[in-house]
Amino acid sequence: MTQSSVLEVKNVTKKINNKTIIDQISFSVNRGEIYGFLGPNGAGKTTTIRMIVGLMSLGEGDIIINGTSISKNFEKAMHSVGAIVENPEMYKFLSGYQNLVHYARMIPGISKARILEVTKLIGLEDRIHDKVKRYSLGMRQRLGIAQALLHKPSLLILDEPTNGLDPAGIRELRDYLRQLANEGISTLVSSHLLSEMELMCDRVAIIKEGKIIDVKSLKDSSEHRELQNKVIFEVNQPKKGFDIIKEKFEYKEMKLLENGFVLLLKREEIPKVNQSLVKEEILIYSINSTSKSLEDQFLELTN
Amino acid sequence: MLNLVQNENMKLYLRIRTWIMVGLLVLIQIIFAFFLENTVFSWLAFADVSSYLTSIIAIYAIVTASSIVASEFSSGTIKMLLIRPVSRTKILMSKYISVLLYISFLLILNLLTSFIIGFIFFGSASASNDITLGTVLQNYGFTSIELLMTATFAFMISSLFRSSVLSIILSFIIHFFSSTVVLVLSQFNYTYGKFFLYSNTDLRQYFYGNQTNFEGMTLTFSIFILIVYFVLFHFVSLYAFKKRDVVV
């Protein structure tokens, strides 16, 4: 394995009652990378995560965390992992603080100061001594993140972490994961919220029926440039502009609108179209480029 | 390991249920004392009567032992528990130890409160009958063995099922029918009846000139049978707990 990968999943297969749930999945997460796991419900995201954290046995293959195989030395491998699997189920009859103490006791070397530090980090200082049953879903989610971070893991695994968070909370989480990534902590995050993944992740694996069908890098700008975006031009003379551009560039996918026209363009082509319109003295009120989102790509791939 | 037991204790003693059970135990003793107040009774005789309240402790032991694993599955917290750098064996054993500690706590509490309540209601006078501190303690000793086996059995049931309700009900049914089964088996003098766990749990049958449940039973035989069941229960619960895919 390469030194830079924190998590390596190698040809993992899982069968339940002779039905293949996970089929030969392989991927790796690099140090400081936010890796997204994207797929429709029942695709096998949670099953894969359950195998990584040892809740389910591996059918075939192996999972290596920081150089340690989970099937050979589970306890050592888990030292570098903090996780939330599906909902963060806490002991409701205990306070948030007692919950953290509980998990802190399971790993040597977590001080009281660290518990308070993590509490502060998730902004729950005021309510930490309340019973968890009085917490909102968002607060429970944050407490879940706190317990995952207690022992300063190098790999954070979050299954559907944005569930129950309000938009501000989601943004906070995203910023926080980015900050952790800058400190060298890797995150594996699963979601079916495509737009969220697009904003959060460096790479996204698209999983369908137990197989990874595509891995997309979201940071790689060259790939972005290749993509054709839908560009809407709002002009004073839609018909004239439409004809000029159609004649000059021979674009096939072009549509006339009431107050302008829309066409598929690569990024660097936009100024050229703009120039041609200006030359013909057409007034341009706005140019709107809507990037083909991960959502479109995802639906294309999975349907 | 000590930390894990500490965790289990925290989860046990911060539940209201646990303290309701403790409160009821003391309350029942006080009610007992009121009923017996005007009889000629010594504090030791009261302590002796109170030692039969251990059947209530058996109920608590079943409730606690049969829910301590299953409840983690019911609430989903088992996921949070098993993703730590701790082996499943240690987690299961810490739960078992905390059940045994709880039962010991209840036994000692029952004994001490029976002394205190006995003194308050009946004074320090020694009775004319032949109950001594020794017989009371012997009673507790025999009961402890029964409780240990009952709890270990319920604990095994707890590790096998995901629902704490199902686990508690099942343990109860088996516990309460076991004495009937022993009775029926011994009525017909069914030879293999002596291998049945509950034919062996009450070691009092070998003392005080009692009759054994089945012919040909000896103390050594019963101890051997108890050890075999004890090991078997632990093996089954450990195997089930370690093997299980957690899908809650």
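From a predicted model like this one, the values you see are computed outputs, not experimental measurements.

**Quick notes on the overall build of chain A**
Part 1 of the reasoning: Helix and strand counts for chain A come out as 11 helices and 14 strands.
Part 2 of the reasoning: Looking at chain A residue by residue over its 303 residues, the buried ones come to 51%.
Part 3 of the reasoning: Excluding contacts between residues fewer than 6 apart, the proportion of contacts in chain A whose partners are at least 24 apart in sequence is 67%.
Part 4 of the reasoning: When the accessible surface of chain A is split by element, carbon and sulfur atoms take 46% of a total near 14700 Å².
Part 5 of the reasoning: Of note, chain A has its 42 positive side-chain charges centred 5 Å away from the centre of its 39 negative side-chain charges.

**Let's talk about the nonpolar core**
Part 1 of the reasoning: L7, F27, I52, I63, I65, I157 and L188 of chain A are the most contacted members of the largest nonpolar core, which has 101 residues in total.
Part 2 of the reasoning: Take this core: its biggest share by element is 11 residues, from helix α7 (residues 88-122) of chain B.
Part 3 of the reasoning: Aside from chain neighbours lying at most four places away, what touches I157 of chain A is I49, I52, V53, V81, G82, A83, I84 and L188 of chain A.
Part 4 of the reasoning: Formed by 24 residues, the second largest nonpolar core is a distinct cluster that contains I145, Y176, L194 and L218 of chain A.

**Observations concerning the UniProt feature "transmembrane region" (unreviewed entry) in chain B**
All names here are of chain B.
Part 1 of the reasoning: When the UniProt feature table is mapped onto this chain, "transmembrane region" (unreviewed entry) is found at residues 12-36, 56-78, 99-122, 142-161, 168-188 and 219-241.
Part 2 of the reasoning: As annotated, residues 56-78 comprises 87% helix and 0% strand, and the C-alpha atoms at either end are separated by 29 Å.
Part 3 of the reasoning: The span residues 168-188 is 95% helix and 0% strand, and its two end C-alpha atoms sit 31 Å from each other.

**A word on the interface of chain A and chain B**
Part 1 of the reasoning: Taken residue by residue, the interface counts 29 residues in chain A and 29 residues in chain B.
Part 2 of the reasoning: Buried area between chain A and chain B, summed over both chains or domains, comes out near 2800 Å², and the portion from carbon and sulfur atoms is 59%.
Part 3 of the reasoning: The largest contributions to the chain A side of the interface with chain B come from L55, R105 and M106 of chain A, which together make up 28% of the buried area.
Part 4 of the reasoning: In this assembly, chain A and chain B are joined by 2 salt bridges.
Part 5 of the reasoning: D245 of chain B is the salt-bridge partner of K14 of chain A, the closest N and O atoms lying 2.8 Å from each other.
Part 6 of the reasoning: For the side of chain A that touches chain B, the secondary-structure elements that each account for two or more residues are α2 (74-78) and α3 (96-104) of chain A.
Part 7 of the reasoning: The biggest single contributor to the side of chain A that touches chain B is α3 of chain A, with 4 residues.
Part 8 of the reasoning: The residue inventory of the side of chain A that touches chain B, partitioned by class, reads 16 nonpolar, 7 polar and 6 charged.

**Considerations on the confidence of the model for chain A**
Part 1 of the reasoning: The pLDDT averaged across chain A works out to 85; a share of 91% of its residues lies at or above 70.
Part 2 of the reasoning: Across chain A, element-level confidence peaks in α3 of chain A with a mean pLDDT of 94 and bottoms out in helix α8 (residues 221-226) of chain A with 49.

**Considering the sheet that holds strand β2 (residues 19-30) of chain A**
Residue and element names in this part refer to chain A.
Part 1 of the reasoning: One open sheet accounts for 4 strands, arranged β2-β1-β4-β5; its pairing is antiparallel. Of all the strands in the sheet, just β2 and β5 (68-69) have a single pairing partner and so form its edges.
Part 2 of the reasoning: Note: strand β1 (residues 5-16) against strand β4 (residues 60-65), 5 bridges, orientation antiparallel. Bridge pairing links V9 to I63 in β4.

**Considerations on the packing of aromatic side chains**
Part 1 of the reasoning: Scanning the entire structure with this criterion turns up 25 aromatic pairs over all chains.
Part 2 of the reasoning: Both rings, one in Y91 of chain A and one in F93 of chain A, keep their centres 6.2 Å apart while their planes meet at 65°; by these two values the pair is edge-to-face. Assigned by exposure class, Y91 of chain A and F93 of chain A land together as buried.
Part 3 of the reasoning: Just above the ring of F221 of chain B sits the side chain of K194 of chain B; from NZ or CZ to the centre is 5.6 Å.
Part 4 of the reasoning: The ring centre of F73 of chain B lies 4.6 Å from the NZ or CZ of R244 of chain B, which sits over that ring.

**Side note on the layout of surface pockets**
Part 1 of the reasoning: Here the largest pocket is characterised by a volume of approximately 630 Å³.
Part 2 of the reasoning: Lining the largest pocket are 25 residues, with E146, H175, S179, T201 and D202 of chain B sitting closest to its centre.
Part 3 of the reasoning: For the lining of the largest pocket, the elements supplying multiple residues, two or more each, are α4 (54-68), α8 (133-160) and α9 (164-187) of chain B.
Part 4 of the reasoning: Top contributing element to the lining of the largest pocket by residue count: α9 of chain B, with 7 residues.
Part 5 of the reasoning: Considered class by class, the residues forming the lining of the largest pocket number 8 nonpolar, 14 polar and 3 charged.
Part 6 of the reasoning: Of the voids in this model, the second largest pocket is the one considered here, and its volume is about 400 Å³.
Part 7 of the reasoning: For the second largest pocket, the lining is made up of 18 residues, of which G54, I70 and F74 of chain A together with R88 and K242 of chain B are closest to its centre.
Part 8 of the reasoning: When residues of the lining of the second largest pocket are traced back to their parent elements, those giving at least two are α2 of chain A together with α11 (219-243) of chain B.
Part 9 of the reasoning: Along the lines of polarity and charge, the residues of the lining of the second largest pocket split into 8 nonpolar, 4 polar and 6 charged.

**Some words on the packing of helix α1 (residues 2-13) of chain B against α7 of chain B**
Axes are the key here: two packed helices are described by the angle between their axes and the distance separating the axes.
Residues and elements named next belong to chain B.
Part 1 of the reasoning: It is the contact of α1 with α7, at a shortest axis distance of 8 Å, that shows an interaxial angle of 55°. Between α1 and α7, the interaxial angle falls into the category oblique. In the packing of α1 onto α7, the handedness of the crossing is right-handed. Residue-level contacts link L4, V5, E8, N9, K11, L12 and Y13 of α1 to K90, I91, S94, K95, I97, S98, L101, Y102 and F105 of α7.
Part 2 of the reasoning: Looking at side-chain class alone, the contact of α1 with α7 contains 9 nonpolar, 3 polar and 4 charged residues.

**What about the side chain of T64 of chain B?**
Residues and elements named next belong to chain B.
Part 1 of the reasoning: Inspection of the secondary structure assignment puts T64 in helix α4.
Part 2 of the reasoning: A relative accessible area of 3% means that T64 is categorised as buried.
Part 3 of the reasoning: Those residues in contact with T64 that sit more than four places away from it in its chain are L12, M21, V99 and Y102.

**A closer look at the pattern of salt bridges**
Part 1 of the reasoning: Tallied over the full model, the rule gives 19 salt bridges over all chains.
Part 2 of the reasoning: In this structure, R203 of chain A and E33 of chain A form a salt bridge, with 2.6 Å as the shortest nitrogen-oxygen distance. Here E33 of chain A lies in the loop between β2 and β3 (34-38) and R203 of chain A lies in strand β9 (residues 203-208), a separation of 170 residues in the sequence.
Part 3 of the reasoning: For K11 of chain B, the salt bridge goes to E72 of chain B, with nearest N and O atoms at 2.8 Å. Of the two residues, K11 of chain B is situated in helix α1 and E72 of chain B in helix α5 (residues 70-75); the sequence distance between them amounts to 61 residues.

Analysis parameters
Residues numbered from 1 in each chain as written. Chains lettered and ligands numbered in written order. Predicted model: local features only at pLDDT ≥ 70, side-chain atom pairs only at ≥ 80, totals over all residues. Heavy atoms only, no water. Helix = DSSP H or I, 4+ residues; strand = E, 2+ residues; numbered from the N terminus. Buried < 20%, exposed > 50% of the residue type's maximum accessible area, 1.4 Å probe, protein only. Contact = heavy atoms within 4.5 Å. Areas by Shrake-Rupley, 256 points an atom, 1.4 Å probe, with all protein chains shown as cover. Lys, Arg positive; Asp, Glu negative; His and termini not counted. Charge placed at Lys NZ, Arg CZ, Asp CG, Glu CD. Core = buried A, V, L, I, M, F, W, Y, C linked by side-chain atoms within 4.5 Å. UniProt positions renumbered as here; feature names shortened; annotations may be inferred. Buried area = accessible area lost by both parts, 1.4 Å probe. Salt bridge = Lys/Arg side-chain N within 4 Å of Asp/Glu carboxyl O. Nonpolar A, V, L, I, M, F, W, Y, C, P; charged D, E, K, R; others polar. pLDDT = per-residue confidence, 0-100. Pairing = 2+ DSSP bridges. Phe/Tyr/Trp six-rings, centres within 6.5 Å; stacked < 30°, edge-to-face > 60°. Lys NZ or Arg CZ within 6 Å of the ring centre and 35° of its normal. 1 Å grid on protein atoms, 1.4 Å probe; cavity = no way out; pocket = protein on both sides within 12 Å on 5 of 7 lines; lining within 4 Å. Points joined across faces, edges and corners; volume = space filled by probe spheres on them. Axes fitted to C-alpha atoms, helices over the stretch in contact; angles between N-to-C directions. Parallel < 35°, antiparallel > 145°, perpendicular 65-115°, else oblique. Left-handed = near helix turned anticlockwise from the far one by under 90°.

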